[in-house]
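Residue-level structure breakdown
The residues making up each chain are set out below.
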Amino acid sequence: MADLSQAKPVVTRPVASAPPMAPRTPAAIAKEPMEVAFDISGFSLWYGANQALFDVGIQIPARAVTAIIGPSGCGKSTFLRALNRMHELTPGTRIAGRLRLFGEDLYAAAVDPAVVRRRVGMVFQKSNPFPTMSIAENVLVGLRLNGVNDRALLRQRLEESLRMAALWDEVKDILGRPGSSLSGGQQQRLCIARALAVQPEVLLMDEPCSALDPLATAKIEELINDLRASFTVIIVTHNMQQAARVSNRTAFFYLGRLVEYDETSTIFMNPSNPQTEAYVAGRFG
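This report concerns the structure included in the present document. (Residues numbered from 1 in each chain as written. Predicted model: local features only at pLDDT ≥ 70, side-chain atom pairs only at ≥ 80, totals over all residues. Heavy atoms only, no water.)

On to the nonpolar core. By size, the foremost hydrophobic cluster in this structure holds 48 residues, and its most contacted members are L162, I192, M205 and L227. Examining the composition of this core, we find that six residues originate from one element, helix α7 (residues 184-197), more than from any other. I192 has contacts with V123, A165, L203, M205, I220, L223 and L227, leaving out every residue within four places of it along the chain. The next biggest cluster of nonpolar side chains, apart from the first, holds 34 residues, and it includes M86, V111, V116 and I234. (Core = buried A, V, L, I, M, F, W, Y, C linked by side-chain atoms within 4.5 Å. Buried < 20%, exposed > 50% of the residue type's maximum accessible area, 1.4 Å probe, protein only. Helix = DSSP H or I, 4+ residues; strand = E, 2+ residues; numbered from the N terminus. Contact = heavy atoms within 4.5 Å.)

Here it is as structure tokens:
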């Protein structure tokens, strides 16, 4: 068994550039030429005196699904929240290094964190529809907060977002009911529709299926598969089978460090680092 007392040097390979393959399975998509969405180098993060991330360097491809895996407390969610500057809501947080989205430094002094969070939407582990708002109001709240009042545009975005979240056919006749009246799986898809309504470039998902039953989980995974055509999707998950099913590339974190990053098939079948092999084999974590 690998010595897990300290992280090994990161093993990371650039985004693959082989020609497209058919059929377009997640493994096939991982081999296609891909535009880089996030270009991150030397990225470290502290909560007060506690360092949570150490010198992370990674390129995340656009219009694909990247899974972030690792044991509890390894920095997965911290890394995810850093991608849209949500960690800044915690006092005493500071960062070092570079984090670019499509070439733009998201931590530049002139960049408004609120704009970053519109570009990089987030779906949390526990579905959180606003309980006093209707289904329609839940979807449109972000647009209204951004000053969108055109009724025709709001109606259009409402239907578009619910369709993208595979929820329109289930709720189109009950849009005035509270969002909290939906089932757990429907509530999570409602939260996905809410994130999509403001038309982000990236969708972050932090354990989106952990509180759902297998049928609801299957619907969310099918939705993730559909979203990859239009969005960059990054998902944190403890479920190894889920990571293998939905992602094109996988990053393994341990003790705040990026240990290995590669095509998902390689991470699960032929990892280069013994810590990665031990984790995906279930020997720890």
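The subject of this paragraph is the pairing of strand β10 (residues 249-254). Counting buried positions along β10 yields six of six residues, so the element is predominantly enclosed. Strand direction decides the pairing type here: strand β4 (residues 65-69) and β10, joined by four bridges, are parallel. When the bridges of β10 are listed, I68 appears paired with A251. In the sheet, β10 pairs with strand β11 (residues 257-263) via six bridges, with the strands oriented antiparallel. (Pairing = 2+ DSSP bridges.)

In this section: the pairing of strand β3 (residues 50-61). Pairing between strand β2 (residues 36-47) and β3: eight bridges, direction antiparallel. By the bridge assignment, Y47 is partnered in β3 with N50. Taking the residues that link successive antiparallel strands as the turn, the β2-β3 hairpin has two residues, and the phi of G48 there is positive, at about 65 degrees.

Position of E221 relative to the elements: it lies in helix α8 (residues 214-227). Residues E221 and V246 lie 25 residues apart in sequence; the distance between their C-alpha atoms is 6.5 Å. Once residues lying within four places of it in the same chain are set aside, the contact partners of E221 are Q242, R245 and V246. Here R245 takes part through its side chain, which lies 2.7 Å from a polar atom of the side chain of E221. (Polar contact = N/O pair within 3.5 Å; in protein donor to acceptor, adjacent residues only side chain to side chain.)

A separate point is the pattern of salt bridges. All chains considered together, the criterion is met by nine salt bridges. For the salt bridge of D39 with R98, the shortest nitrogen-to-oxygen distance reads 3.3 Å. Note that D39 is positioned in strand β2 and R98 in strand β5 (residues 93-101), a separation of 59 residues in sequence. Via salt bridges that share partners, E104, R119 and E201 belong to a single interconnected network. (Salt bridge = Lys/Arg side-chain N within 4 Å of Asp/Glu carboxyl O.)

Glancing now at the layout of surface pockets. When its volume is computed, the largest pocket comes out at roughly 510 Å³. What lines the largest pocket is a set of 20 residues, and nearest its centre among them are R117, G142, R194, A195 and V198. For the lining of the largest pocket, the element with the highest residue contribution is strand β7 (residues 120-123), accounting for four residues. (1 Å grid on protein atoms, 1.4 Å probe; cavity = no way out; pocket = protein on both sides within 12 Å on 5 of 7 lines; lining within 4 Å. Points joined across faces, edges and corners; volume = space filled by probe spheres on them.)

Moving on to α7. The end-to-end C-alpha distance of α7, which contains 14 residues, comes to 20 Å, matching closely the 20 Å that a straight helix rising 1.5 Å per residue would cover. Of the residues one or two after α7, Q199 is the one with positive phi, at around 55 degrees. (Expected span 1.5 Å × (residues − 1).)

Just distances and angles here, no functional claims.
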